[in-house]
Structures are given as C-alpha cells and as structure tokens.
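# Chain and residue survey
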Amino acid sequence: MIRLLGVLLMVVVLYVVFVTSGESARSVGAHQDIANWLGYYGIVTVGVGILIISGGIDLSIGSVVGLGAVSFSLLLRHGYTPFVAAVLVVLGSSAIGVFHGLLVTKLRLQPFLVTLCGLFIYRGLARWLTAGDSIGIFGRTDEAYVRQVKAFQELLVKGDVFGVKNQLIALIVVSVLLGLFLHGTKWGRYLYAIGANEEAARYAGIATDTYKILAYVICSTLAGFASVLFTLDNSTVSPVSAGSWLELYAITGAVLGGCSLRGGEGTLPGMFLGAAILPLLRQICSFWEISGEVEYSVIGAFLLVGTIADELIKRRGALRR
C-alpha cells in the first residue's frame, strides 16, 4: 500500500506540474493526448507487469509492436478487413509469446537472452517486410476500404465516450479484466507464487511451466493489441522506429508501479499509475519546449529519481515490519 501511495503521489505531482505549464496544458486536447498515450503505454505496461510478477522479463516487446504494426498495415493492403487483420496480428503476437515461453520453460533458456534475440529478430523481420520504408494503412484508395479503416480508427482510437478517449477506455477494460484475473482467481495467485519461489510452487503442485507460458502469452498478446492501436492512431508507421524503446518504458513503468524484478510482487492499480508517468513527462517536456535531444535525458533522470525514491520507500516499509 505504501508503494502504491508513493507512485500515486508521483503521478499527482507530475499532473500538477503539467496543468501549471500553461493555459493550453489545461485544454481538453492536451488531456486527450495524454489519454491516448496512456492507453498505448498502459496496455503494454500491464502485460509486462504480469510477466514480471511471474518472474519473467521480455525485452522484445518494442520489436513485437513494430512487427505487428507493419503486419497490420500489410494485411490491410492485401484486402483483409481491419477486424480480421487485427485478430491475425494479435494471434500472431500470442504465438510469439508461446514461442518465448517454450524456450524458457522447456529448454531452460534465460528469459533475458531469449527475448533479447527476439528483439533483433522481430525488428529485422519488420524492416525486411517493407524494405525499411514507412508504410501506411491507407495504401488503397477504394472508397469502401477507406470507409472501413476510418470506422475502425474511430472505434478503437479516434472516438470517445463522454469525452474519454477510446484508447484509454481500452486500457481500463484490459486492466479490469486482468485485475480480476490476477487478484481474484487462483491462477493469478499461482503467478505470484511462481515469481516468489518457483521451486516451492512446483512442489506445491502448481504446473509452473504452463503458467509461465501463460504469462508470456499475455504479455505478447497485449503488445500485439497495442501495435494495432499504434498503427490506427498514427496511420503511417516506420519499421525502424515503431515501438522503439517501448520495452524499457513498460518495464520502468511496471517497476515504478510496484512490480519487483525479482518476481512475486505488483498490483494492477500500481501498473496503471506507473504507466501514467511517461505520458505526463512527455507532455511536460513538450510544453516546457525541451528539445528532443535533451528530452530523453530529462525523462531518464526523473525515472531514475523515481526508482530510487520507490526503493527507499520499500526499504523503510520493510524495516517497520
């Protein structure tokens, strides 16, 4: 609870700094921009957070998003409807999760190395599929096609419900469902047990390999879903930069939200709050007119300070117990 309050305080402070950055920062448009980015970052952060709770790690998420974004655009150009293309991308991303999980559980390979190799493989495939060129979702000009894509854009990213952007609503729905799974079912408790002590969980009769694979599938599936949102929101994607650095942002957000890289710790509300930090930082840098060359340093420095503060709060809570 102390860590959750700590990250909540961090988000509140950042929000206050943001809204006092100028009159335009208090506009509906500025808040909708944050909502869009929060939906995108949050969905990936939740997936990575669940994997971290189980004791795993995935460094390939950004490349999975890049490959999914390119694949979604190509499928649209080849005549698939937006819905079918999205389902195929999500299923393909789930297959990547199964692949990672099998390598980690059956061959006993290190998750760090498996997913690091995946980072290069999937990014390379994305670049190969498009010869390194950017690709857009409006590659065809027939009226029916354009109408279908725009309707799908409106449904998932461009529209809103009572002013709340659909991309943020998607994150809320995903968070509620996975929160119920993680905190309200025995299968969620199994993931905590495996992350805390895999050997003890195995002796307790938990099918540890099965649930570790499940955690990788959840992580990659959400990355695939995020790739569809990203593509629809931007219309044009680059195989070089789509999803770049996303895995590091997601891991940092999950850790700031209370997940321990040692496994066995973390909550969905914490992940949600941790995911909100980066969009707020990006918007603050934008309104303060911090140059792109310095922006990453500013974001990195703040995240480091937040991580240090979070660790100190954790240690203080442990001493009290």
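Everything below is about the structure printed above this text.
Right, let's walk through the structure included here. (Residues numbered from 1 in each chain as written. Predicted model: local features only at pLDDT ≥ 70, side-chain atom pairs only at ≥ 80, totals over all residues. Heavy atoms only, no water.)

## Focus on empty space enclosed by the protein
- Scanning the model with the defined rule gives 2 cavities of 30 Å³ or more in all.
- Looking at the lining of the largest cavity, the elements with two or more residues in it are helix H2 (28–53), helix H11 (246–256) and helix H12 (268–287).
- Classifying every residue of the lining of the largest cavity by side-chain character gives 7 nonpolar, 4 polar and no charged.
- Approximately 30 Å³ is the volume found for the second largest cavity.
- Trp37, Tyr40, Gln167, Phe230, Asp233 and Asn234 are the residues that line the second largest cavity.
- Broken down by secondary-structure element, the contributors of at least two residues to the lining of the second largest cavity are H2 and helix H10 (208–234).
- The element best represented in the lining of the second largest cavity is H10, accounting for 3 residues.
- Its residues assigned to classes, the lining of the second largest cavity comprises 3 nonpolar, 2 polar and 1 charged. (1 Å grid on protein atoms, 1.4 Å probe; cavity = no way out; pocket = protein on both sides within 12 Å on 5 of 7 lines; lining within 4 Å. Points joined across faces, edges and corners; volume = space filled by probe spheres on them. Helix = DSSP H or I, 4+ residues; strand = E, 2+ residues; numbered from the N terminus. Nonpolar A, V, L, I, M, F, W, Y, C, P; charged D, E, K, R; others polar.)

## Points about the side chain of Ser60
- Structurally, Ser60 is set in the loop between H2 and helix H3 (61–77).
- Exposure remark for Ser60: the relative accessible area of 0% places this residue in the buried category.
- Setting aside anything within four residues of it in sequence, one finds Ser60 in contact with His100, Thr115, Gly118, Leu119 and Tyr122. (Buried < 20%, exposed > 50% of the residue type's maximum accessible area, 1.4 Å probe, protein only. Contact = heavy atoms within 4.5 Å.)

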